[in-house]
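# Structural overview for review
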Amino acid sequence: QVQLVESGGASVQAGGSLTLSCAASGDMTSYSMAWFRQAPGKEREGVTNICPRGGGSFYVDSVKGRFTISRDNAKNTLYLQMNSLRPEDTAMYYCAAVLRGHCVTSLRSIAYNYWGQGTQVTVS
């Protein structure tokens, strides 16, 4: 039932930074959330996740130390801070959510049933 809308995607040069946002239509306090990305010709890849009250995050090896996930439940917004961007980070980025009785830490797309439309990040 929750609607998710990503924003903040842009074209940047290698080494630059971007912050992506994902706005939820309602109270997201109880939702586990995650960021995924998909590059042309590749399968959708889980980037990082976050528990309903924060914490519990895992990161795909390729972004560790460069990306940080956070959330502001009062603003119903999820964030992805991306630093030291590389051309291989180029992809459509999606936010995802799932409502469970516990924190879902999976980076598999099948674990999530609410998805945004995506925002494009291009690094050159």
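This section reports on the structure supplied with the text.

Analysis parameters
- Residues numbered from 1 in each chain as written.
- Predicted model: local features only at pLDDT ≥ 70, side-chain atom pairs only at ≥ 80, totals over all residues.
- Heavy atoms only, no water.
- Helix = DSSP H or I, 4+ residues; strand = E, 2+ residues; numbered from the N terminus.
- Rg over C-alpha atoms; globule rule 2.2 N^0.38 Å.
- Buried < 20%, exposed > 50% of the residue type's maximum accessible area, 1.4 Å probe, protein only.
- Contact = heavy atoms within 4.5 Å.
- Areas by Shrake-Rupley, 256 points an atom, 1.4 Å probe, with all protein chains shown as cover.
- Disulfide = S-S within 2.5 Å.
- Core = buried A, V, L, I, M, F, W, Y, C linked by side-chain atoms within 4.5 Å.
- Salt bridge = Lys/Arg side-chain N within 4 Å of Asp/Glu carboxyl O.
- Pairing = 2+ DSSP bridges.

### Digging into the overall build of the protein
In terms of helices and strands, the protein carries zero helices and ten strands. Seen in sequence order, the protein has helices and strands lined up from the N terminus as β-β-β-β-β-β-β-β-β-β. Since a compact globule built from 124 residues should have a radius of gyration of about 14 Å, the 13 Å found for the protein is in line with a globular shape. A burial count over the protein gives 43% of its 124 residues as buried. Taking contacts inside the protein between residues at least 6 apart in sequence as the whole, the part at least 24 apart equals 59%. With an accessible surface of roughly 6300 Å², the protein has 47% of that area assigned to carbon and sulfur atoms.

### Thoughts on the state of the cysteines
Counted under the stated rule, the structure contains two disulfides. In this model, Cys22 is linked to Cys95 through a disulfide, with the two sulfur atoms separated by 2.0 Å. An S-S torsion of about 55° defines the bridge between Cys22 and Cys95 as right-handed. A residue pair is termed long-range when its members are at least 10 positions apart, and Cys22 in strand 3 (residues 18-24) and Cys95 in strand 8 (residues 91-99) qualify at 73 residues. Here Cys22 matches Cys95 in class, with each residue buried. Cys51 shares a disulfide with Cys103; S-S distance 1.8 Å.

### What about the nonpolar core?
Of all hydrophobic cores here, the largest spans 29 residues; its most connected members are Leu4, Met33, Trp35, Phe67, Leu78, Met82 and Tyr93. Listing elements by their share of this core, those giving two or more residues are strand 3, strand 4 (31-38), strand 5 (45-50), strand 6 (67-72), strand 7 (77-82), strand 8 and strand 10 (119-123). Leaving out residues up to four positions away in the same chain, Phe67 has contacts with Arg37, Val47, Tyr59, Leu80, Gln81, Met82, Asn83, Leu85, Asp89 and Tyr93. Of all hydrophobic cores here, the second largest spans six residues; its members include Ala34, Val98, Val104 and Tyr112.

### Considerations on the pattern of salt bridges
Scanning the model with the defined rule gives four salt bridges in all. Residue Glu45 is joined to Arg37 by a salt bridge in which the shortest nitrogen-to-oxygen separation is 2.9 Å. Residue Asp89 is joined to Arg66 by a salt bridge in which the shortest nitrogen-to-oxygen separation is 2.8 Å. Taken together, the residues span a long stretch of sequence, with Asp89 in the loop between strand 7 and strand 8 and Arg66 in the loop between strand 5 and strand 6 at a distance of 23 residues. The two residues Asp89 and Arg66 agree in class, both being buried.

### With respect to the pairing of strand 10
Where burial is concerned, the two faces of strand 10 differ: the one with Thr119, Val121 and Val123 is buried and the one with Gln120 and Thr122 is not. The sheet contact formed by strand 2 (residues 11-12) and strand 10 spans two bridges and is parallel. From the neighbouring strand, Ser11 faces strand 10, where its bridge partner is Thr122.

### Section: unusual backbone geometry
Positive phi outside glycine occurs at Asn76, with the angle close to 50°. Within the secondary structure layout, Asn76 lies in the loop between strand 6 and strand 7. The phi dihedral of Ser84 falls on the positive side, at around 50°, and the residue is not glycine. Within the secondary structure, Ser84 sits in the loop between strand 7 and strand 8. Judged by relative accessible area, Ser84 falls into the partly exposed class, the value being 43%.

All we've got here are geometric facts, nothing functional implied.
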